[in-house]
Amino acid sequence: MFSELREQIWADWIWFPEGHGWDDLKDHDGKVFPKTQDLWATIPIALCFLVIRQIFERTVAIPLASLMKVSDKQRVRASPNPVLESYFCSTSKHPTQSSIESLSKQTGCSVRQAQRWFRRRRNQDRPSKVKKFREASWRFTFYLLAFFAGLAVLVDKPWFYEMKMMWEDFPKMPLLPSQYWYYMIELGFYVSLLFSVASDVKRKDFKEQIIHHLATIALIGFSWLVNYIRAGTLIMLVHDAADYLMESAKMFNYAGWRKTCNFIFTLFAAVFIITRLVILPFWIIHTTWVYPLTLYPPFIGFYFFNGLLFVLQILHIFWAGLILRMVIKFLPGNLNLSLRCTIVRRPSMKNKQPKQGN
């Protein structure tokens, strides 16, 4: 029964255009093709990345953080309070006003003291700037090396310049050693990010990042299985083109180099928009979604692959909105307006009059 179900799931007509199938991906005449079992290599590669990351952070990232004077302000720790600690850990880190009043009665402290306790307790759990810097520097290093490695893999390939050639002789394109290692290293890295998600800094777009990682892993893995490797390498290169700029902007932000951070982040925004809102949808996705229909009738694998690309594209549009809002804040006029608003809203102590009693 299991073998019959497996045969139905992996039927040729589901994953390949009419007239093609898994037999096209069998090695012959010295030509090597991608195989399902090759993907198991990403697990040890991911584990190696976790080990290398620890070594890198201790030997490179921490000394670099010290050199760039990355430091945290000393945080006031919340005083021990079993009742408040129990509520903080098991119920909510952000209690409502009614909960604060109830907790203050239970502990014998004032409402303001309870609010202050929760604020200090939340600050204790916030990751330090050094931890954020370590994480950003690791990702910056990988994305930078991966981008230039991807360029080296693709720069002499005809489909890098004429994307329609990614479908030439599909799916019978033999696998190149450079493509093999590019795929395994990229996929291993994204798997390592899933392994480390529990210990990494959780940001506001944590859920979107998880969806992005899962969609990326599924996209890379599936493109390997059905030999969409030419398209896959182009997609990975487009993603790496902007990521190292974002991580470097974070590094300078944690170091307090505001002008450098703003400049690099603005450059990142420009590269992000060009690569992910122009090149990816109008060149790559057009070549994977529109052009193949002139060659083959649509099939389920065609819809599955492009569906994953559309998931990534939706996330890119979401992030582009956040990025543009941040860039707008960097504009000189907005900075001056923000400064003036801060001055106007902040009351002067000299003009404050003491309240008169009735």
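We now turn to the structure provided with this report. (Residues numbered from 1 in each chain as written. Predicted model: local features only at pLDDT ≥ 70, side-chain atom pairs only at ≥ 80, totals over all residues. Heavy atoms only, no water.)

### Let's talk about the overall build of the protein
To be explicit about the condition: Numbering goes from the N terminus for both helices and strands, where a helix is a DSSP run of H or I of at least four residues and a strand is a run of E of at least two. Residue contacts are defined here by distance: any two heavy atoms, one from each residue, within 4.5 Å place the two residues in contact.
Within the protein, the secondary structure is distributed over 14 helices and 0 strands. Across the protein, helices and strands are ordered from the amino to the carboxyl terminus as α-α-α-α-α-α-α-α-α-α-α-α-α-α. Here the analysis covers contacts within the protein between residues at least 6 apart in sequence; of these, 80% occur between residues at least 24 apart.

### Comments concerning the side chain of Ser-192
For clarity, the threshold we go by: Only protein chains enter the accessibility calculation, which uses a 1.4 Å probe. A residue is then buried if its area is under 20% of the maximum for its type, exposed if over 50%, and partly exposed in between.
Among the structural elements, Ser-192 can be located in helix H9 (residues 177–195). Relative accessible area serves as the criterion here: at 4%, Ser-192 is assigned to the buried category. Setting aside residues up to four positions removed in sequence, Ser-192 forms contacts with Ala-46, Phe-49 and Leu-50.

### Considerations on the packing of aromatic side chains
For the record, the criterion: Only centres within 6.5 Å qualify two rings of Phe, Tyr or Trp (six-membered ring in Trp) as a pair; their planes then separate them into stacked at under 30 degrees, edge-to-face at over 60, and tilted for everything else.
On inspection of all chains with the given rule, the structure shows 37 aromatic pairs. Judged by centre distance (5.2 Å) and plane angle (80 degrees), the ring pair of Trp-117 and Phe-118 falls under edge-to-face. Overall, the relative accessible area of 5% leaves Trp-117 in the buried class. According to the relative accessible area criterion, Phe-118 is buried, its value standing at 1%. Here Tyr-228 and Phe-305 contribute two aromatic rings whose centre-to-centre distance is 4.7 Å and whose plane-to-plane angle is 85 degrees, an arrangement assigned as edge-to-face. Linking Tyr-228 in the loop between helix H10 (206–225) and helix H11 (229–254) with Phe-305 in helix H13 (residues 300–330), this pair joins segments that are 77 residues apart in sequence. Under the relative-accessibility criterion, Phe-305 is labelled buried at 1%.

### Observations concerning helix H5 (residues 97–107)
The criterion, for reference: Here the arc refers to the set of directions running from the helix axis out to each C-beta atom.
Within H5 the residues assigned to the buried category are Ser-99, Ile-100, Leu-103 and Ser-104. For H5, the angular spread of buried residues about the axis comes to 135 degrees, placing them on one side. Residues of H5 that are exposed and point more than 90 degrees away from the buried face comprise Ser-98, Lys-105 and Gln-106. One or two positions beyond H5, positive phi appears at Gly-108, with a value near 80 degrees.

### Some words on the side chain of Lys-157
To keep things clear, this is the line we draw: Polar contact is the term for a pair of N or O atoms within 3.5 Å; when the atoms are in protein, one must be able to donate a hydrogen and the other to accept it, and sequence-neighboring residues count only if both atoms are side-chain atoms.
As for its position among the elements, Lys-157 is in the loop between helix H7 (129–154) and helix H8 (158–161). Since its relative accessible area comes to 9%, Lys-157 is described here as buried. At 2.6 Å, the side chain of Lys-157 and the backbone oxygen of Val-153 are in polar contact. Looking at Lys-157, its side chain comes within polar contact range of the side chain of Asp-156, at 2.8 Å.

### A closer look at unusual backbone geometry
In most cases, non-glycine residues show a negative phi, while peptide bonds are predominantly trans. Note the cis peptide between Phe-170 and Pro-171, where omega equals 0 degrees. Its place among the elements puts Pro-171 in the loop between H8 and H9. The backbone of Lys-69 sits at a positive phi, close to 60 degrees, despite the residue not being glycine. Judged by relative accessible area, which is 68%, Lys-69 ranks as exposed.

### Examining the nonpolar core
We count it as follows: Buried residues of nine kinds, namely Ala, Val, Leu, Ile, Met, Phe, Trp, Tyr and Cys, make up a nonpolar core once their side-chain atoms join them within 4.5 Å.
In this structure, Tyr-228, Ile-284 and Phe-305 are the most contacted members of the largest nonpolar core, which totals 76 residues. Within the residue set of this core, elements represented by two or more residues are helix H2 (12–15), helix H3 (42–67), H7, H9, H10, H11, helix H12 (258–289) and H13. Ranked by the residues each element gives to this core, the list is headed by H11, at 12 residues. What Ile-284 contacts, discounting residues up to four positions off in sequence, is Met-163, Leu-234, Ile-235, Val-238 and Ile-279. With 10 residues, the next largest nonpolar core counts Leu-84, Ile-100, Leu-103 and Trp-117 among its residues.

### Digging into a positive patch on the surface
We count it as follows: Patch membership needs two things, relative accessible area over 30% and no salt bridge, and members are linked within 9 Å if like-charged or within 5 Å if nonpolar (Val, Leu, Ile, Met, Phe, Trp, Tyr). Each accessible area value is a Shrake-Rupley result obtained with a 1.4 Å probe; residue values ignore everything except the protein chains displayed when judging cover. Put simply, a salt bridge is a Lys or Arg side-chain nitrogen that is within 4 Å of an Asp or Glu carboxyl oxygen. Note that His is not counted, nor are the chain ends; the positive residues are Lys and Arg, and the negative ones are Asp and Glu. By convention, the charge on Lys lies at NZ, on Arg at CZ, on Asp at CG and on Glu at CD.
A cluster of basic residues, Lys-73, Arg-126, Lys-129 and Arg-258, forms a positive patch on the protein surface. Here Arg-258 lies in helix H12.

### Considering a nonpolar patch on the surface
A surface patch of nonpolar side chains, about 440 Å² in accessible area, is lined by Trp-40, Ile-43, Leu-47 and Phe-195. Mapped onto the fold, Ile-43 is located in helix H3. Classification of Ile-43 by relative accessible area gives partly exposed; the value is 34%.

### Brief notes about the layout of surface pockets
The condition is simple: In the cavity and pocket records, a cavity denotes points on a 1 Å grid over the protein atoms alone where a 1.4 Å probe fits but cannot get out, a pocket denotes an open set with protein on both sides within 12 Å along at least 5 of 7 lines, and lining residues are residues with an atom within 4 Å of a point. Grid points are joined across faces, edges and corners, and a volume is the space filled by probe spheres set on the points. Residues are grouped as follows: Ala, Val, Leu, Ile, Met, Phe, Trp, Tyr, Cys and Pro are nonpolar; Asp, Glu, Lys and Arg are charged; every other residue, Gly included, is polar.
In this model, the second largest pocket occupies a volume close to 370 Å³. Lining the second largest pocket are Arg-6, Glu-7, Trp-10, Trp-22, Leu-25, Lys-26, Pro-34, Lys-35, Thr-36, Gln-37 and Leu-225. Of the residues in the lining of the second largest pocket, the class split is 5 nonpolar, 2 polar and 4 charged.

### With respect to empty space enclosed by the protein
Within the structure shown, the criterion is met by 3 cavities of 30 Å³ or more. Elements supplying a minimum of two residues to the lining of the largest cavity: H9, H10 and H11. Split into classes, the residues belonging to the lining of the largest cavity amount to 6 nonpolar, 2 polar and 1 charged.

### A short note on the packing of H7 against H11
Relative placement of two packed helices is described by the angle separating their axes and the distance separating the axes. Rules: Here an angle of 0 to 180 degrees is reported between the N-to-C directions of two axes, which are lines fitted to C-alpha atoms, with helices fitted over the stretch in contact. Here the word oblique covers every angle except those under 35 degrees (roughly parallel), over 145 (roughly antiparallel) and from 65 to 115 (roughly perpendicular). Note on convention: the crossing is left-handed when the near helix lies turned anticlockwise from the far helix by less than a right angle, right-handed when the turn is clockwise.
At a minimum axis separation of 7 Å, H7 and H11 run at an interaxial angle of 150 degrees. Our classification of the angle between H7 and H11 gives roughly antiparallel. The crossing of H7 and H11 is left-handed.

So, to be careful, I would describe these as geometric facts and stop short of saying anything about function.
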